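Residue-level listing of the chains:
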Amino acid sequence: MKFENLTVDAVDALSDDGLMITFAVPDGQRERFAFRPGQHVTLDAGLRRSYSICSTPAELAERGRLRVGVRLLPAGEFSKIAEGLRPGDTVAALPPLGRFTTDLTPDRARRYGAVVAGSGITPVLSLVATALSVEPASTFAVICGNRSSASAFGVDELADLKDRFGARLHIVHVLSREASASLHGRLTPALVADLLPLVGPVDEWFLCGPLGMVEGARPVVAATGATVHVELFHVGTPPTAPPAEEDAGEVEVELVLDGRATTFSMSAGERVLDAALRHRTELPYACRGGVCSTCRAKVLAGSVTMAANWALDPAETAAGYVLTCQSQPSSSRIVIDYDA
Ligand code: FES
């Protein structure tokens, strides 16, 4: 998995503290950046961040456009970089990743639902547009939480989708800092439960936003028997790896990336990604917090323990996949394959 330069085509406001960056993807790059709705892309502009794609696979295939939503944080280092981007600039990007998606087929009739907070709407914009285009008999209900109407992320894009799909798209806006809003409050589990009758039965839910909202809403919607997909935007304070324990012992590592093997030794008290980056600087990663899955690799020999895992499902961990940013070796030799 290699970074490739994408050219910025436009930078537009998505809310009073959010931007939409549109990249122009030429024919030769479209296959590499092909994605499924709900996936994200890792950008590297000196700093690495993962952003959800809010455009659709069809838009990429037909018009060579790929758009991501970026929330601007007051002290955010990447926010400053994003605000300075202009058409014609290039940004290095990894091909899209993520499993916050579902299989869409024209003959399927499903009732989809989403509970999102703030910029959590970005992957759902792509899911709504794609699901309702590909599956003419499906519907989508979106419960959308924001602080205020001015800061509501992607509200114009949602309104455009409503114009396009009419009654097949049901949008419920909830504002936490506007007491005059018809639905006022934070998306607590109790409020989500109260809203379920309003949106009706749902077969498949998508939850996206901060950890507290997602973890609160998950059992509420899961209790209906629906399939639930979750995507976290962050888990609070960005976690930092603990300092390497002294005398933790040495571990022999064989690492495979892009078909090339590298061997080195590391302390057993260190995270695999931190040690591996000293030997292969091109290794994929973004959040370093166990959220984005960009650093995913397969353990082919030996074992590791993960400090946190917000990204891999039980089937992936059972198959040997790990988040290398969260993994410490627990055997004296490990073989890690980033290509698997
Ligand atoms: S870099 Fe994001 S999960 Fe490891």
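Refer to the structure printed above.
How each quantity is defined
- Residues numbered from 1 in each chain as written.
- Predicted model: local features only at pLDDT ≥ 70, side-chain atom pairs only at ≥ 80, totals over all residues.
- Heavy atoms only, no water.
- Pairing = 2+ DSSP bridges.
- Helix = DSSP H or I, 4+ residues; strand = E, 2+ residues; numbered from the N terminus.
- Axes fitted to C-alpha atoms, helices over the stretch in contact; angles between N-to-C directions.
- Salt bridge = Lys/Arg side-chain N within 4 Å of Asp/Glu carboxyl O.
- Phe/Tyr/Trp six-rings, centres within 6.5 Å; stacked < 30°, edge-to-face > 60°.
- Buried < 20%, exposed > 50% of the residue type's maximum accessible area, 1.4 Å probe, protein only.
- Lys NZ or Arg CZ within 6 Å of the ring centre and 35° of its normal.

**Student:** I tried to follow the sheet that holds strand β1 (residues 4-15) on my own but got confused; where do I start?
**Tutor:** The pairing of strands in a sheet happens through backbone hydrogen bonds and is either parallel or antiparallel. Strand order in the open sheet formed by six strands is β4-β3-β6-β1-β2-β5, with antiparallel pairing between adjacent strands. The open sheet has two free edges, formed respectively by β4 (48-52) and β5 (65-71), since each of these has just one partner strand. Adjacent strand axes in the sheet meet at a mean angle of 45°, parallel and antiparallel pairs treated alike. Judged from the seven bridges that link them, β1 and strand β2 (residues 18-24) form a sheet pairing that is antiparallel. Bridging from a neighbouring strand, alanine 10 pairs with threonine 22 of β2.

**Student:** Where do I start with the pattern of salt bridges in this structure?
**Tutor:** Pairs may arise between side chains of opposite charge once their charged atoms sit close together. Evaluation of the coordinates by the stated rule reveals 22 salt bridges. Ionic pairing is found between glutamate 4 and arginine 32, a salt bridge with its closest N-O pair at 2.0 Å. Taken together, the residues glutamate 4 in strand β1 and arginine 32 in the loop between α1 (27-30) and β3 (40-44) connect sequence positions 28 residues apart. With a closest N to O distance of 3.2 Å, arginine 65 and aspartate 9 form a salt bridge. Highlighted residues: arginine 65 in strand β5 and aspartate 9 in strand β1, separated in sequence by 56 residues.

**Student:** Can you walk me through the packing of aromatic side chains in this structure?
**Tutor:** To describe a pair of aromatic rings, one takes the distance between the centres and the angle between the planes. Counted under the stated rule, the structure contains five aromatic pairs. When the centroid spacing of 5.4 Å and the interplanar angle of 90° are considered together, the rings of phenylalanine 100 and phenylalanine 206 count as edge-to-face. Note that phenylalanine 100 is positioned in the loop between β6 (90-93) and β7 (111-117) and phenylalanine 206 in strand β10 (residues 204-209), a separation of 106 residues in sequence. Classification of phenylalanine 100 by relative accessible area gives buried; the value is 1%. Here the aromatic rings of tyrosine 112 and phenylalanine 206 are separated by 6.4 Å at their centres, their planes lie at 45°, and the arrangement is tilted. Placement of tyrosine 112 in strand β7 and of phenylalanine 206 in strand β10 is noted, with a sequence separation of 94 residues between them. Residue class for phenylalanine 206 comes out buried when judged on its relative accessible area of 1%. Clustering of aromatic rings is evident, with ring pairs tying together Phe100, Tyr112, Phe140 and Phe206. The ring of tyrosine 285 has arginine 48 sitting right over it, with the charged end atom 4.0 Å from the ring centre.

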